[in-house]
Amino acid sequence: DLVEKNHGIKIDVDNIDYDDKKVLDSIGTGKCDGIFQLESAGMKNFMKELKPQSLEDVIAGISLYRPGPMDFIPKYIENKHNPEKIVYDTPFLEPILKNSYGVIVYQEQVMQISRLLAGYSYARADLVRRAMSKKKTEAMKAERDGFIEGCLKNGVSASDAEEIFEEMLGFAKYAFNKSHATAYGILSYRTAYLKAHYPTEYFASLLTSVLDNASKVREYIADAAKFGVKVLPPDINSSGEGFTSD
């Protein structure tokens, strides 16, 4: 509403550019205060190292920054910045893991591996995902032979199949649901987009949203200064309800 009032532009967040370099570069500087999911100190440092170049990177970052997957962050960053170091146990894995630089990040990838390499149905692949994510050890062990047998039929060697299964076991305990992470990532990107392109209006809205939290108000006022946005004292002639932008 403030952007429309000040600039005459009606923003349709469903149709913004999700490859906007200005937005991605801004996230990569770690200046993520007031950005959904990205404003903790640890996440800001991670974004500075990651330097996301796509929405896909933001989604993966949200998925990786949790206990368990965090162990894979160094490998993810290393592979992202040095693609020549990416190694796939079998060429079959490349189309599945290419977008995550050779690292299993999502539950859906576990399902894709089960389908493509072992020839599982969608239903059986989902059973594998559920067994792994709920740490049902016996159910997982029961899948091992079937998975390796299916891989052998599709031209994957027994040693590669064994190694892939072990990797899936190790990561699937923590793997995030990509559809969930994508919903988060889109909201993160949208807030970053508004902050990058309309900082005055964004800070006004952000400060209004935390009016009952004095420490957050101070934090965001300090951040606004870094973006060249001045926060003025109340003025009986020009102030409105909450923070407004001029």
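Just so we're clear, the structure is a prediction, and the values are computed from it rather than from any experiment.

The rules behind each value
Residues numbered from 1 in each chain as written. Predicted model: local features only at pLDDT ≥ 70, side-chain atom pairs only at ≥ 80, totals over all residues. Heavy atoms only, no water. 1 Å grid on protein atoms, 1.4 Å probe; cavity = no way out; pocket = protein on both sides within 12 Å on 5 of 7 lines; lining within 4 Å. Points joined across faces, edges and corners; volume = space filled by probe spheres on them. Helix = DSSP H or I, 4+ residues; strand = E, 2+ residues; numbered from the N terminus. Nonpolar A, V, L, I, M, F, W, Y, C, P; charged D, E, K, R; others polar. Buried < 20%, exposed > 50% of the residue type's maximum accessible area, 1.4 Å probe, protein only. Contact = heavy atoms within 4.5 Å.

Please set out the layout of surface pockets residue by residue, giving values where relevant.
The calculated volume of the largest pocket comes to roughly 560 Å³. Along the walls of the largest pocket sit 21 residues, with Leu-232, Pro-233, Phe-243, Thr-244 and Ser-245 positioned nearest its centre. At 4 residues, the largest contribution of residues to the lining of the largest pocket is made by helix H12 (residues 199–209). Split into classes, the residues belonging to the lining of the largest pocket amount to 10 nonpolar, 7 polar and 4 charged. Its volume calculated, the second largest pocket comes out at about 300 Å³. What lines the second largest pocket is a set of 13 residues, and nearest its centre among them are Asp-1, Leu-2, Val-3, Ile-11 and Leu-194.

Now, about the side chain of Lys-44: what can you tell me, with residues and values included?
With respect to the secondary-structure elements, Lys-44 resides in helix H3 (residues 41–50). Here Lys-44 falls in the buried class, since its relative accessible area comes to 18%. In this structure, Lys-44 is in contact with Gly-30, Cys-32, Asp-33, Leu-38 and Glu-39, ignoring residues within four places of it in sequence.

Now, about unusual backbone geometry: what can you tell me, with residues and values included?
The residue Lys-51 is not glycine, and still its phi comes out positive at about 50 degrees. Summarising the element assignment, Lys-51 is placed in the loop between H3 and helix H4 (55–64). Since its relative accessible area comes to 46%, Lys-51 is described here as partly exposed. Of note, Tyr-101 is a non-glycine position whose phi angle comes to about 55 degrees, a positive value. Structurally, the position occupied by Tyr-101 is in the loop between helix H6 (94–97) and helix H7 (107–118). Overall, the relative accessible area of 17% leaves Tyr-101 in the buried class.

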